[in-house]
Amino acid sequence: MLLGAIFLILFISISGTSASKERVIVLHIEGEINLGLSKYVDRCLEDMDGVKAIVVEIDTFGGALDAATKIRDRLLHVDVPTIAWIKGRAWSAGALIALSCKKIVFSSGGSMGAAEPIPTTEKTVSAVRGEFESTCEANGRDP
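The model shown is predicted, which means the values in this text are computed figures rather than measured ones.

(A) Highlighting the pairing of strand 4 (residues 103-106). Bridge count between strand 3 (residues 82-91) and strand 4: four bridges; the pairing is parallel. Note that in strand 4 the partner of alanine 84 across the bridge is isoleucine 104. Of the crossover connections in this fold, the one passing from strand 3 over helix 4 (residues 93-99) to the parallel strand 4 is right-handed.

Below, the structure is given as structure tokens:
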């Protein structure tokens, strides 16, 4: 229901182009975040012709930070609106991906947060904190 409302709002706001060339990409970020998932995102975003928006449907406890930062970098540098739809959980690396989107919406009962890098060293925590802060700043959010 929420996804349908998002699509309706996006298509109502788009004007001046042929409807047959307009499309919205829906990325499914589910389960463990790993390098295979970042390659999936790359494949989905190869052809951006006619793309008017990207919806990132998220339900994950997290996973590999290197994969999440690749997805984050890709989403931060697209020239179309990005919407994170937190269907269930966007924890840990999933939270970083959600923050890389311009807009964030939650399903009823959805949650975001619980990020703690492994290993939990001062150096790693500092680096991950910096990544979260710069991602927030890139989208005009208070870090």
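(B) How the structure looks around the environment of glutamate 137. Positionally, glutamate 137 belongs in helix 5 (residues 122-138). Taking the C-alpha atoms as reference, glutamate 137 lies 9.7 Å from leucine 99; in sequence the two are 38 residues apart.

(C) Representation of the pattern of salt bridges in the model. Enumeration over the complete set of coordinates arrives at five salt bridges. When the shortest N-O distance is used, the salt bridge between arginine 23 and aspartate 47 registers 3.6 Å. Taken together, the residues arginine 23 in strand 1 (residues 23-33) and aspartate 47 in the loop between helix 2 (35-44) and strand 2 (51-63) connect sequence positions 24 residues apart. Taking relative accessible area as the criterion, arginine 23 reaches 30% and is therefore assigned partly exposed. Among the salt bridges present, the one from arginine 74 reaches aspartate 42, with a minimum N-O distance of 2.9 Å. Of this pair, arginine 74 sits in helix 3 (residues 65-76) while aspartate 42 sits in helix 2, and the two are 32 residues apart along the sequence. A single salt-bridge network, built from bridges that share partners, covers Arg72, Asp73 and Glu131.

(D) Highlighting helix 3. Its 12 residues give helix 3 an end-to-end C-alpha distance of 16 Å, which sits within 8% of 16 Å, the value for a rise of 1.5 Å per residue. Within helix 3 the residues assigned to the buried category are Ala67, Ala68, Thr69, Ile71, Arg72, Leu75 and Leu76. Taken together, the buried residues of helix 3 touch strand 1, helix 2, strand 2, strand 3, helix 4 and helix 5.

(E) How the structure looks around helix 5. The end-to-end C-alpha distance of helix 5, which contains 17 residues, comes to 24 Å, matching closely the 24 Å that a straight helix rising 1.5 Å per residue would cover. All of the buried residues in helix 5 are Val128, Phe132, Thr135 and Cys136. Projected down its long axis, helix 5 carries its buried residues within an arc of 100°, all on one side. Opposite the packed face of helix 5, turned more than 90 degrees from it, sit the exposed residues Glu122, Lys123 and Glu137. Tucked into the core, helix 5 has its buried residues touching helix 3 and helix 4. Two residues or fewer past helix 5, glycine 140 is found with a positive phi of approximately 75°.

Calculation rules
Residues numbered from 1 in each chain as written. Predicted model: local features only at pLDDT ≥ 70, side-chain atom pairs only at ≥ 80, totals over all residues. Heavy atoms only, no water. Pairing = 2+ DSSP bridges. Helix = DSSP H or I, 4+ residues; strand = E, 2+ residues; numbered from the N terminus. Right-handed = clockwise from strand over helix to strand, strands pointing away. Salt bridge = Lys/Arg side-chain N within 4 Å of Asp/Glu carboxyl O. Buried < 20%, exposed > 50% of the residue type's maximum accessible area, 1.4 Å probe, protein only. Expected span 1.5 Å × (residues − 1). Contact = heavy atoms within 4.5 Å. Arc of directions from axis to C-beta.

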